[in-house]
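Summary of structural features
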Amino acid sequence: MLFIGILLVVWLSAMVVWWVLSGMLRSSDFTKVKDRLAGKEKKSGGDKAKTVSKPKHLLQRELGGGRLADMLKHYDLLPKLHVLIEQAGLKWEPMKVVQACCALFLGGFAFCWFLLPSQFRSAAYLVGGAFATLPIVYIVRARNKRLHRFEELFPESLEFVARSMRAGHAFSVSLEMIHREFQEPIAGEFRRSFEEHNLGLPLDVALQKMAKRVPSLDVHFFVSAVLLQKRTGGNLAEILDKLAYVIRERFKLRGRIRAISAHGRLTGLALTCIPIGVALLMFWVNPDYVRFFFLDEIGNIMIAAAVILQIIGYLIIRHIVAIDVN
């Protein structure tokens, strides 16, 4: 108990010291980034400052270091987390998210370990794990909300590009005009593609990068149509109008299917919440009966199996009612 408290205090102290030092060194970030892009690092030796060439990976500062970062890099988790954060439209760094997950795990574990009775301390691991998943859950929800908003505005943006091209604007200029006429997230994504193209990146590569940032089938249709038109020719404005019509009809069909399958989703949610509610009620009414699941080894196995089977059942119901429209 004392060891866990000391560990939590040391962790929080280290996070505070790191926060203060990062704020003090933030003013020199521009110089560091410039030296990194040049592949050079300044070293002070005596009265003279030597410039030593030292190639570094540009993501080294962002991904951090240490054993935890090495383990995450070994399993290729940090790049995936970076892509997930980018798709959510957040400005977070992957290593900070991992550190926040570790801190929440320790906080939730210590909270249950010190406040719950001794016979229920085994639940501290479960509570700590639930707290540790909160940043990831927030990122996933923000990503899904952002992608849903993007898909809502995407057909209208394609029609806007088609009208702009009929008015005499170039395709790349039409992409830049979306930034001024539409809201986020579609404005930022098209603005980023335009800036990449304006800085020298080929248009097809910039569009393919946007398709990777926005994992939507509609965006892949759009990129494929533009690339095919560049190779074979044709009226791009008419192609975009037809593509916008198809995407809008798919979006309407998806909404109808979601309304029809709402009963199945609510049923799965109810079947998942009923055992949890019964367990909480029994814990309140007859704690001696529930104590068996925490104190006895067979009880631990039974409650672990019940939780696993409940999760599997919920995932199966979600898979049944999840109808994909392609």
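1. Description of the side chain of Gln-229
Here Gln-229 shows up in helix 12 (residues 217-232). Leaving out residues up to four positions away in the same chain, Gln-229 has contacts with Gly-234, Leu-236 and Ile-239.

2. Topic: a nonpolar patch on the surface
A cluster of nonpolar side chains, contributed by Ile-308, Leu-309, Ile-312, Ile-316 and Ile-320, occupies part of the molecular surface with about 510 Å² of accessible area. Topologically, Ile-312 is positioned in helix 16 (residues 297-321). Assessed through its relative accessible area of 41%, Ile-312 is described here as partly exposed.

3. Some words on helix 7 (residues 123-132)
Spacing of three or four residues puts side chains on the same side of an α-helix, whose turn is 3.6 residues. Among the residues of helix 7, Ala-123, Ala-124, Gly-128 and Ala-132 are the ones counted as buried. Check the buried side of helix 7 and you find it contacts helix 6 (94-115), helix 8 (134-166) and helix 15 (287-295).

4. Concerning the packing of helix 5 (residues 77-88) against helix 8
Two quantities define a packed helix pair, namely the angle between the axes and the distance from one axis to the other. Relative orientation of the contacting elements helix 5 and helix 8 amounts to 50°, with a least axis distance of 7 Å. Between helix 5 and helix 8, the angle falls in the class oblique. Note on packing geometry: the crossing formed by helix 5 with helix 8 is left-handed. Contact with helix 5, carried on its side by Leu-81, Leu-84, Ile-85, Glu-86, Gln-87 and Ala-88, involves Ile-136, Ile-139, Val-140, Ala-142, Arg-143 and Arg-146 of helix 8 and no other residues of that element. Residue composition of the contact of helix 5 with helix 8, by class: eight nonpolar, one polar and three charged.

5. Some remarks on the nonpolar core
Counting residues in hydrophobic clusters, the biggest one holds 32 residues, and the most contacted among them are Phe-154, Phe-171, Phe-190, Leu-207 and Phe-222. Of all the secondary-structure elements, those providing two or more residues to this core are helix 8, helix 9 (171-181), helix 10 (186-198), helix 11 (203-213), helix 12 and helix 13 (236-260). The element that contributes the greatest number of residues to this core is helix 8, accounting for eight residues.

6. Let's talk about unusual backbone geometry
Note that the residue after Glu-184, namely Pro-185, is joined by a cis bond; omega there is 10°. For Pro-185, the location among the structural elements is in the loop between helix 9 and helix 10.

7. Examining the environment of Ala-132
Relative to the helices and strands, Ala-132 resides in helix 7. Remark: the alpha-carbon pair of Ala-132 and Cys-102, spanning 30 residues in sequence, is separated by 6.3 Å. The residues contacting Ala-132, other than those within four sequence positions of it, are Cys-101, Leu-104 and Phe-105.

8. Here's the deal with the packing of aromatic side chains
Summed over the entire model, instances satisfying the criterion amount to eight aromatic pairs. Taking the centre distance of 5.5 Å and the plane angle of 25° together, the rings of Phe-150 and Phe-154 count as stacked. Of this pair, Phe-150 and Phe-154 are both found in helix 8, four residues apart, which corresponds to roughly one turn of the helix. Comparing Phe-150 with Phe-154, the two get one shared label, buried. Centre to centre, the rings of Phe-154 and Phe-190 are 6.4 Å apart; their planes meet at 20°, and the pair counts as stacked. Of the two residues, Phe-154 is situated in helix 8 and Phe-190 in helix 10; the sequence distance between them amounts to 36 residues. Side by side, Phe-154 and Phe-190 carry an identical accessibility label, which is buried.

Thresholds applied
- Residues numbered from 1 in each chain as written.
- Predicted model: local features only at pLDDT ≥ 70, side-chain atom pairs only at ≥ 80, totals over all residues.
- Heavy atoms only, no water.
- Helix = DSSP H or I, 4+ residues; strand = E, 2+ residues; numbered from the N terminus.
- Contact = heavy atoms within 4.5 Å.
- Patch = residues over 30% accessible without salt bridge, like charges linked within 9 Å, V, L, I, M, F, W, Y side chains within 5 Å.
- Areas by Shrake-Rupley, 256 points an atom, 1.4 Å probe, with all protein chains shown as cover.
- Salt bridge = Lys/Arg side-chain N within 4 Å of Asp/Glu carboxyl O.
- Buried < 20%, exposed > 50% of the residue type's maximum accessible area, 1.4 Å probe, protein only.
- Axes fitted to C-alpha atoms, helices over the stretch in contact; angles between N-to-C directions.
- Parallel < 35°, antiparallel > 145°, perpendicular 65-115°, else oblique.
- Left-handed = near helix turned anticlockwise from the far one by under 90°.
- Nonpolar A, V, L, I, M, F, W, Y, C, P; charged D, E, K, R; others polar.
- Core = buried A, V, L, I, M, F, W, Y, C linked by side-chain atoms within 4.5 Å.
- Phe/Tyr/Trp six-rings, centres within 6.5 Å; stacked < 30°, edge-to-face > 60°.

Distances and angles like these do not, on their own, reveal function.
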